[in-house]
Amino acid sequence: MLIKTIDVNKGMPGNYSGRCAGVGGYQLEVYLDDERNSIGVVLPSKKVRGLDLWNYFGNFSALGETAEWRMKGKKPVALIVRLNVSDQGDEKPPTSYLIVSRITGADVCVTDIVKPGKGQNARAQSLADRASTRPCKKTDRG
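So, here's what we can say about the structure. (Residues numbered from 1 in each chain as written. Predicted model: local features only at pLDDT ≥ 70, side-chain atom pairs only at ≥ 80, totals over all residues. Heavy atoms only, no water.)

### Let's talk about the overall build of the protein
Part 1: Helix and strand counts for the protein stand at one helix and nine strands.
Part 2: Long-range pairs, those at least 24 residues apart, make up 37% of the contacts in the protein between residues at least 6 apart in sequence.
Part 3: Summed over all atoms, the accessible surface of the protein reaches about 8100 Å², with 50% contributed by carbon and sulfur. (Helix = DSSP H or I, 4+ residues; strand = E, 2+ residues; numbered from the N terminus. Contact = heavy atoms within 4.5 Å. Areas by Shrake-Rupley, 256 points an atom, 1.4 Å probe, with all protein chains shown as cover.)

Written out as structure tokens, the structure reads:
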């Protein structure tokens, strides 16, 4: 993802937001707050729907470099991003999850979190292709 900086909060080190190109009139905003990453989907109307990934994991996190837009014709219907989440303690490598979100008009939400394992990418893609029929995932933290 090529990210253009939108804002850096100089009073709060570690706070950052950026924007990168998407498809079909959509874009992504990338957020960093206290070493935790999240994203927002910018609708063609310029309204932003935050996915609040930090509400699913309390530990430090970092977004992967690629966002995969799942399309129906020329319209995005789902999004897959990788989120690398640090376990308690820095000595272990982070756990790499795939976050699946549905995009239905102005409604955007996380539907699935795919744990690492054999076939992780294919499973996330399959879930993304059915995301429009899946419920929004409740957060673990609230």
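That shown, we press on.
### So, the state of the cysteines
Such a bond, covalent and formed between the sulfur atoms of two cysteines, is termed a disulfide.
Part 1: On inspection of all chains with the given rule, the structure shows one disulfide.
Part 2: Each disulfide pairs two cysteine sulfurs, and for C109 the partner residue is C136, the sulfurs being separated by 2.1 Å. Since a negative S-S torsion denotes a left-handed disulfide, the C109-C136 link at about -85° is left-handed. With C109 in strand β9 (residues 107-114) and C136 in the segment after α1 (120-129), this residue pair connects regions lying 27 residues apart in the sequence.
Part 3: According to the relative accessible area criterion, C136 is partly exposed, its value standing at 36%. (Disulfide = S-S within 2.5 Å. Buried < 20%, exposed > 50% of the residue type's maximum accessible area, 1.4 Å probe, protein only.)

### Overview of unusual backbone geometry
Trans peptide bonds make up the majority, and among non-glycine residues the majority have a negative phi.
Part 1: Not every positive phi belongs to a glycine, and K46 is a case in point at roughly 80°.
Part 2: Tracing the chain through its elements places K46 in the loop between β4 (36-42) and β5 (48-50).
Part 3: With a phi angle near 50°, D52 is a residue other than glycine that sits in the positive phi range.
Part 4: Along the chain, the position of D52 falls in the loop between β5 and β6 (61-72).

### Here we look at the packing of aromatic side chains
Part 1: Summed over all chains, the structure comprises three aromatic pairs.
Part 2: Measuring from ring centre to ring centre gives 6.4 Å for Y26 and W69, while their planes differ by 50°; the resulting arrangement is tilted. One end of the pair, Y26, is in the loop between β2 (16-21) and β3 (27-33); the other, W69, is in strand β6, with 43 residues separating them in the sequence.
Part 3: According to the relative accessible area criterion, Y26 is buried, its value standing at 8%.
Part 4: Ring geometry for Y31 versus W54: centroids 6.3 Å apart, planes at 40°, classification tilted. With a gap of 23 residues between them, Y31 in strand β3 and W54 in the loop between β5 and β6 connect regions that are remote in the sequence.
Part 5: The exposure class of Y31 is buried, given its relative accessible area of 17%. (Phe/Tyr/Trp six-rings, centres within 6.5 Å; stacked < 30°, edge-to-face > 60°.)

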